[in-house]
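# Structure at a glance
The lines below spell out each chain.
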Amino acid sequence: MPTEAARVVRDTSADPEFGPWLAQASILVVDDEPGMRNFLMRTLSPRCKRLELAADTDEASRKLDQHHFDVVILDNIMPRKNGVEWLAEQRAIGFFADAILMTAYADLETAIQALRAGAVDFVLKPFRSNQLLNAVARCLDRIRLQRENYVLRYELKATSDHILLRDRLIGESSAIARVRDTIARVAPLPTTVLLTGQSGTGKEVAARSLHTLSDREAKPFVPVNCGAIPPDMIESELFGHLKGAFTGAERAREGLFLHAQGGTLFLDEISEMPPATQSKLLRVLEDRKVRPVGSEREVPVDLRFVFATNAELEKEVQAGRFRADLFFRINVMQIHLPPLKERDGDAVELATLFMKKLSAQLAMPVVPIDATVRRALSAYDWPGNVRELRNLIERTLILGRFPEGFGSGAPALAAEAGGSLADVERRHILAVLSACNGQRDEAARQLGISRKTIDRKLAAWDG
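All values reported here derive from a predicted model rather than from experimental measurement.

## Structural notes on the overall build of the chain
- A tally of helices and strands in the chain yields 19 helices and 15 strands.
- In the chain, which comprises 463 residues, the proportion classed as buried is 50%.
- At a minimum sequence separation of 6, the contacts of the chain that also span at least 24 residues come to 72%.
- Summing over all exposed atoms, the chain offers an accessible surface of approximately 22,000 Å²; the carbon and sulfur share of this is 51%.

Rendered as structure tokens:
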């Protein structure tokens with residue numbers, strides 16, 4: 001028999017009356033009256049994924065340290081410490097979940113104090129079960145919308161102006177088929193995955209495939225470009241912060257770790273993460289808890305981690321720029337995304353798909369891909385990989401034709417090099433940079449690679 005202190009319910013079929021999110025919710029009830037705890041247990045346990053009961057605020061505090069809860073339902077009048085006082089204390093040391101206050105006294109002063117302490121809803125005693133369930137459903141909808149909006153805004157900011165192909169890994173080549181097979185095998189497991197490969201090879205697409213094929217598909221997928229966040233802000237962005245934790249922190253905010261709760265966190269360009277944050281990330285991976293900036297409490301998290309890099313992490317470790325212990329911790333299952341030049345025939349298939357998708361998005365007529373262009377697509381080395389191909393198709397749609405000389409010039413570039421692939425890449429990047437009058441941002445956009453990649457290669461060539 002389950003005890004009164006904790007009851008985990010495994011039947012999580014959605015209750016249509018109160019929305020689909022209640023079935024996946026984790027709820028903590030804090031009330032000193034056994035009768036009320038029993039009533040709430042009978043009301044909530046058949047409908048939510050996890051229910052914990054606490055008879056006083058001390059027990060509730062211990063449970064918050066042990067588990068993540070989406071909603072906390074607490075009584076206001078309890079021995080030693082009332083609910084509003086306890087809630088204010090918890091907010092001050094790192095508590096982000098929504099709180100519903102149960103009270104028999106609906107006076108204005110109590111309402112003001114509760115709002116200041118961070119309660120988001122009230123239930124007046126005596127109440128019916130439907131009233132409480134509706135309050136919980138409102139909280140869960142609010143949490144979901146806030147997190148979705150934050151993640152969407154972050155994605156729009158992080159992905160620049162690129163229109164990315166995120167559906168699936170496209171192509172019939174043996175190289176990409178092996179990647180798809182490996183993803184299908186590892187996706188259902190909780191195993192941490194490290195995706196490697198050149199910029200533009202589709203590492204985010206692979207990460208999304210891992211998420212979609214896992215049992216976390218209904219939960220958030222949160223992509224984070226570690227190289228796009230300023231070093232002095234990355235800890236706050238990832239871990240969140242409390243109000244007043246630093247200058248400008250006017251209110252408490254959950255970080256991206258908590259926004260991904262229950263889902264998949266994709267940390268791209270992990271080699272760009274500052275050393276201090278690498279150390280904190282290692283703690284999260286080991287303990288599965290995050291400590292928001294300014295918080296005394298570590299918040300439990302349930303996440304699937306997927307990492308990606310276009311750098312050789314072993315060399316970064318040898319150079320002292322990446323922690324060896326973190327590398328060994330994330331390098332559990334490594335999947336290498338092959339460059340487009342190694343994916344026989346995929347360039348033509350991808351070009352055809354991009355042409356169809358982008359013509360619809362840009363409201364421009366499709367430009368035919370004739371035999372000459374197909375040969376050029378197959379012969380070109382694509383230093384910018386899939387992203388460069390996508391950008392070529394976008395330019396083609398805007399111009400109404402493939403760029404001048406593409407049918408003959410692109411393969412000629414590879415032929416005339418007469419040296420290694422590195423020589424071809426160097427000539428091509430320098431040629432595009434010259435055509436852009438030295439504007440590195442524009443050259444990066446045309447090549448389909450990041451500005452940091454151009455900076456890094458130019459520095460290496462100058463050296």
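## Topic: the packing of helix 3 (residues 83-93) against helix 4 (residues 108-117)
- It is at 8 Å that the axes of helix 3 and helix 4 come closest, and there the two elements cross at 20°. Taken together, helix 3 and helix 4 sit at an angle that is classed as roughly parallel. Considering only the axes of helix 3 and helix 4, their crossing is left-handed. Listed contacts from helix 4 to Val84, Leu87, Ala88 and Arg91 of helix 3 are Gln113, Ala114 and Ala117.
- Grouping the constituent residues of the contact of helix 3 with helix 4 by class yields five nonpolar, one polar and one charged.

## Re the nonpolar core
- By size, the foremost hydrophobic cluster in this structure holds 35 residues, and its most contacted members are Phe257, Ile270 and Leu281.
- Counting residues per element, the ones that place at least two in this core are helix 5 (129-158), strand 8 (221-225), helix 8 (234-239), helix 9 (256-259), strand 11 (264-268), helix 10 (275-287), strand 14 (304-309) and helix 12 (324-330).
- Ranked by residues supplied to this core, first place goes to helix 10 with four residues.
- For Leu281, the contacting residues outside a window of four places in its chain are Phe239, Phe257, Leu267, Ile270, Met273, Phe305, Phe307 and Leu326.
- Of all hydrophobic cores here, the second largest spans 24 residues; its members include Leu40, Met41, Leu51 and Val71.

## Points about the packing of aromatic side chains
- Scanning the model with the defined rule gives eight aromatic pairs in all.
- Ring geometry for Phe221 against Phe266: centres 6.1 Å apart, planes inclined by 25°, an arrangement best described as stacked. With Phe221 in strand 8 and Phe266 in strand 11, this residue pair connects regions lying 45 residues apart in the sequence. You'll find Phe221 and Phe266 in the same group, each marked buried.
- Taken together through their ring pairs, the aromatic side chains of Phe239, Phe257, Phe305 and Phe307 make up a single cluster.

## Concerning the side chain of Gln278
- You can see Gln278 is positioned in helix 10.
- Here the side chain of Gln278 touches Arg323 through a polar contact of 2.9 Å, landing on its backbone nitrogen.
- In this view, Gln278 contacts Met273, Arg321, Phe322, Arg323 and Leu326; residues no more than four positions away in its chain are not counted.

## Here's the deal with unusual backbone geometry
- Here the amide bond leading from Lys125 into Pro126 is cis, since omega sits at -10°, within 30 degrees of zero.
- Look at Glu269: it is not a glycine, yet its phi comes out positive at around 50°.
- With respect to the helices, strands and loops of the structure, Glu269 is situated in the loop between strand 11 and helix 10.
- Classification of Glu269 by relative accessible area gives buried; the value is 16%.

## Quick look at the UniProt feature "modified residue: 4-aspartylphosphate" (unreviewed entry) in the chain
- UniProt marks Asp75 with the feature "modified residue: 4-aspartylphosphate" (unreviewed entry), using the numbering shown here.
- One can find Asp75 in strand 4 (residues 71-75).
- Apart from the residues lying within four places of it in its own chain, the contact partners of Asp75 are Val30, Asp31, Asp32, Gly83, Leu101, Met102 and Lys125.

## Notes on the pairing of strand 2 (residues 26-30)
- Counting buried residues along strand 2, five of its five residues qualify, which places the element largely inside the surrounding structure.
- Here strand 2 shows two buried faces, one formed by Ser26, Leu28 and Val30 and the other by Ile27 and Val29.
- As paired strands, strand 2 and strand 3 (residues 50-54) are joined by five bridges and run parallel to one another. Pairing of Leu28 across the sheet is with Glu52, part of strand 3.
- Crossover strand 2 to strand 3 through helix 1 (residues 34-44) is right-handed.
- Sheet topology places strand 2 next to strand 4; four bridges connect them, and they run parallel. By the bridge assignment for strand 4, Ile27 is matched with Val71.

## What to know about the sheet that holds strand 15 (residues 333-336)
- Strand order across the open sheet formed by five strands is 8-11-14-7-15, with parallel pairing between neighbours. Only two strands of the sheet have a single partner each, and these edge strands are strand 8 and strand 15. Looking at each pair of strands side by side, their axes are set apart by 20° on average, direction ignored.
- Running over the sheet, helix 6 (residues 174-186) touches strand 7 (193-196), strand 14 and strand 15 and is turned about 155° from strand 15.
- Helix-sheet contacts for helix 10 involve strand 11 and strand 14, and the interaxial angle to strand 14 is about 145°.

## Let's talk about helix 7 (residues 203-212)
- With respect to burial, helix 7 is a largely interior element, nine of its ten residues being buried.
- Every buried residue of helix 7 is accounted for by Lys203, Glu204, Val205, Ala206, Ala207, Arg208, Ser209, Leu210 and His211.

## So, the confidence of the model for the chain
- Looking at the chain as a whole, its pLDDT mean stands at 83, while 87% of the residues score no less than 70.
- Summarising per-element confidence for the chain, the mean pLDDT is lowest in helix 16 (residues 406-417) (45) and highest in strand 7 (97).
- Confidence drops under a pLDDT of 50 for residues 159-167, and excluding neighbours within four residues, the segment shows 23 contacts in the predicted structure.
- Considering only residues more than four positions removed or in separate chains, one finds that residues 408-418, a stretch of pLDDT under 50, has twelve contacts.

## Re the pattern of salt bridges
- In the structure shown here, the tally under the stated rule is 23 salt bridges.
- With its nearest N and O atoms 2.9 Å apart, the salt bridge here joins Arg216 to Asp302. Here Asp302 lies in the loop between strand 13 (299-300) and strand 14 and Arg216 lies in the loop between helix 7 and strand 8, a separation of 86 residues in the sequence.
- Overall, Asp302 belongs to the partly exposed group, its relative accessible area being 40%.

Thresholds, definitions, all that
Residues numbered from 1 in each chain as written. Predicted model: local features only at pLDDT ≥ 70, side-chain atom pairs only at ≥ 80, totals over all residues. Heavy atoms only, no water. Helix = DSSP H or I, 4+ residues; strand = E, 2+ residues; numbered from the N terminus. Buried < 20%, exposed > 50% of the residue type's maximum accessible area, 1.4 Å probe, protein only. Contact = heavy atoms within 4.5 Å. Areas by Shrake-Rupley, 256 points an atom, 1.4 Å probe, with all protein chains shown as cover. Axes fitted to C-alpha atoms, helices over the stretch in contact; angles between N-to-C directions. Parallel < 35°, antiparallel > 145°, perpendicular 65-115°, else oblique. Left-handed = near helix turned anticlockwise from the far one by under 90°. Nonpolar A, V, L, I, M, F, W, Y, C, P; charged D, E, K, R; others polar. Core = buried A, V, L, I, M, F, W, Y, C linked by side-chain atoms within 4.5 Å. Phe/Tyr/Trp six-rings, centres within 6.5 Å; stacked < 30°, edge-to-face > 60°. Polar contact = N/O pair within 3.5 Å; in protein donor to acceptor, adjacent residues only side chain to side chain. UniProt positions renumbered as here; feature names shortened; annotations may be inferred. Pairing = 2+ DSSP bridges. Right-handed = clockwise from strand over helix to strand, strands pointing away. pLDDT = per-residue confidence, 0-100. Salt bridge = Lys/Arg side-chain N within 4 Å of Asp/Glu carboxyl O.

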